[in-house]
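# Examination of the molecular architecture
What follows is the residue order along each chain.
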Amino acid sequence: MLIRVVGAGICHSDVHVWEGVWSSTGGAPRRLPHIQSHEIAGVVERVGGERVPDAFREGTGVLVYAWQWEHDDMFTAEGLTNLSDSPPLSQASTRTGGFQEYYLVPPHYRYLINASGISDLAAAAPPLTCGGLTTYRAVRKAAPYVRPDDYVAVIGLGGLGGAYAAQYIRKFCPQANLIGIDMKESAVDFVSSITPPLDSHIVPPHDGDVLSSIRAETHGSGLRAVIDLVGSGTLSTYIRALAKGGIYVLVGLMGSGKTDTISPPGSTVLLERNISGSYVGGTLAEQHEVVALARKGVIDYRKPVTARMPLDDAYAGLQALHSGQVLGRQVVTP
Ligand SMILES: [Zn+2]
């Protein structure tokens, strides 16, 4: 199937690939030059196989699932398509992406999600594929641990998905208290302008004690769940704010490269704290769920998209993200 691309998001993973930091983990592009972007929305231009179902005809709006496994294994059999070993990383790093006018879908329509009912298809690319899907999986992992009046924190409110994570927490933990944590006041303001307001926020002092701020905000009870979208130098600090039986979900992959340690590990045992990873993106089933939520108007997928740009400006968009100038999400509209 050939897709005419209408929107291709710029993700922080694209910056990592551009810098070459994934080369050592098998995440290098299969060949150079490499066309980036794994957040793709488009319209079916041409159908090449008779076995493609009627849900995908020429002119159908679609979103592309980025974790395109090639061979079934025990993980994909369980529905954990994002954990497949073939390939071990998403199309983000290894395959041709969406910064082009037309995108040829790898040979199976299962990677496409029918986007009927999604009115702004270009804007849907980042929030409904990698950016929003990543935070959706993390919040769904944390939600069963959260009781009414518990405290839930999102660390890192900027580009990856603070605006999406906050919306999902409001939806799946509706009686929880939501705390936003970010070094930048502007990121706090940005998320607050999109979601129902945060219950509170913390801008960690550079030399101060963020744990005492959390203790004060939670009236001593600590955080029942943490969604860590930074994941670099944060775990060692914020795990100490996790309440008994709480869950810490690590999402951010490659922040500043700082090392994290848990010290002392005994408290994790004594307090039965849970630590979980949530690998970027999510399963194919979760991909369908996210699109269904957007279709029903449960989440605002448009507002977090703060810039649209022509294909020629994709490189400038990457540079802006690299230099920390971007709040929200940028989308290239070939
Ligand atoms: Zn991504």
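Residues numbered from 1 in each chain as written. Predicted model: local features only at pLDDT ≥ 70, side-chain atom pairs only at ≥ 80, totals over all residues. Heavy atoms only, no water.

Turning our attention to the nonpolar core. Membership of the largest hydrophobic core comes to 83 residues, with the highest contact counts inside it found for Leu112, Ile118, Leu128, Val154, Tyr168, Ile169 and Ile227. Excluding residues within four positions of it along the chain, Ile118 makes contact with Ala124, Leu128, Val291, Ala294, Arg295 and Tyr301. (Core = buried A, V, L, I, M, F, W, Y, C linked by side-chain atoms within 4.5 Å. Buried < 20%, exposed > 50% of the residue type's maximum accessible area, 1.4 Å probe, protein only. Contact = heavy atoms within 4.5 Å.)

For the rest of this paragraph, the subject is the side chain of Ser276. Here Ser276 is to be found in strand β11 (residues 274-277). With relative accessibility at 17%, the residue Ser276 sits in the buried group. The contacts of Ser276, once residues within four sequence positions are left out, are Lys141, Ile247, Tyr248, Val249 and Leu250. (Helix = DSSP H or I, 4+ residues; strand = E, 2+ residues; numbered from the N terminus.)

This part takes up the sheet that holds strand β9 (residues 223-228). Overall, parallel pairing links the six strands, which are arranged β8-β7-β6-β9-β10-β11 in an open sheet. Each edge of the open sheet carries a strand with a single partner, namely β8 (200-202) and β11. Averaged over neighbouring strand pairs, the angle between their axes works out to 20° when direction is ignored. Summarising the sheet, strand β10 (residues 242-250) and β11 pair through four bridges and their orientation is parallel. Following the sheet pairing, Ile247 is matched in β11 by Asn274. (Pairing = 2+ DSSP bridges. Axes fitted to C-alpha atoms, helices over the stretch in contact; angles between N-to-C directions.)

Turning next to the domain arrangement of the chain. Domains assigned within the chain are domain 1 (2-132 + 281-332) and domain 2 (133-277). A straight line from the C-alpha centre of domain 1 to that of domain 2 covers 26 Å. With 31 residues of domain 1 at the interface, the matching set in domain 2 holds 24 residues. Taken over both partners, the interface formed by domain 1 and domain 2 buries close to 2,200 Å², and the fraction arising from carbon and sulfur atoms is 61%. Between the two partners, domain 1 and domain 2, sit two salt bridges. For the salt bridge of Arg140 with Glu289, the shortest nitrogen-to-oxygen distance reads 3.9 Å. Counting across the domain 1 and domain 2 interface gives ten residue pairs in polar contact (both at pLDDT 80 or more). Tallying contributions element by element places helix α11 (residues 284-295) first for the side of domain 1 that touches domain 2, with five residues. Partitioned by chemical class, the residues of the side of domain 1 that touches domain 2 number 14 nonpolar, twelve polar and five charged. (Domains from an automatic or database assignment. Buried area = accessible area lost by both parts, 1.4 Å probe. Salt bridge = Lys/Arg side-chain N within 4 Å of Asp/Glu carboxyl O. Polar contact = N/O pair within 3.5 Å; in protein donor to acceptor, adjacent residues only side chain to side chain. Nonpolar A, V, L, I, M, F, W, Y, C, P; charged D, E, K, R; others polar.)

Time to look at the pairing of β10. The pairing of β9 with β10 spans five bridges and is parallel. Note on β10: the bridge partner recorded for Leu223 is Leu242.

Next up on the list: the environment of Val43. Residue position: Val43 is located in strand β2 (residues 39-46). Taking C-alpha positions, Val43 is 14 Å from Tyr65, a pair spaced 22 residues apart along the chain. Not counting the four nearest positions on each side in its chain, Val43 is found in contact with Leu2, Ile3, Arg4, Val6, Gly59, Thr60, Gly61 and Leu121.

In an α-helix, one turn spans 3.6 residues; hence positions three or four apart end up facing the same way. Over its twelve residues, α11 extends 17 Å from the first C-alpha to the last, a length consistent with the 16 Å expected when each residue adds 1.5 Å. Looking only at α11, the buried set comprises Leu284, Glu286, Gln287, Val290, Val291, Leu293 and Ala294. Along its buried surface, α11 packs onto β3 (61-64), β5 (112-114), α4 (121-128), α5 (130-142) and α6 (162-172). (Expected span 1.5 Å × (residues − 1).)

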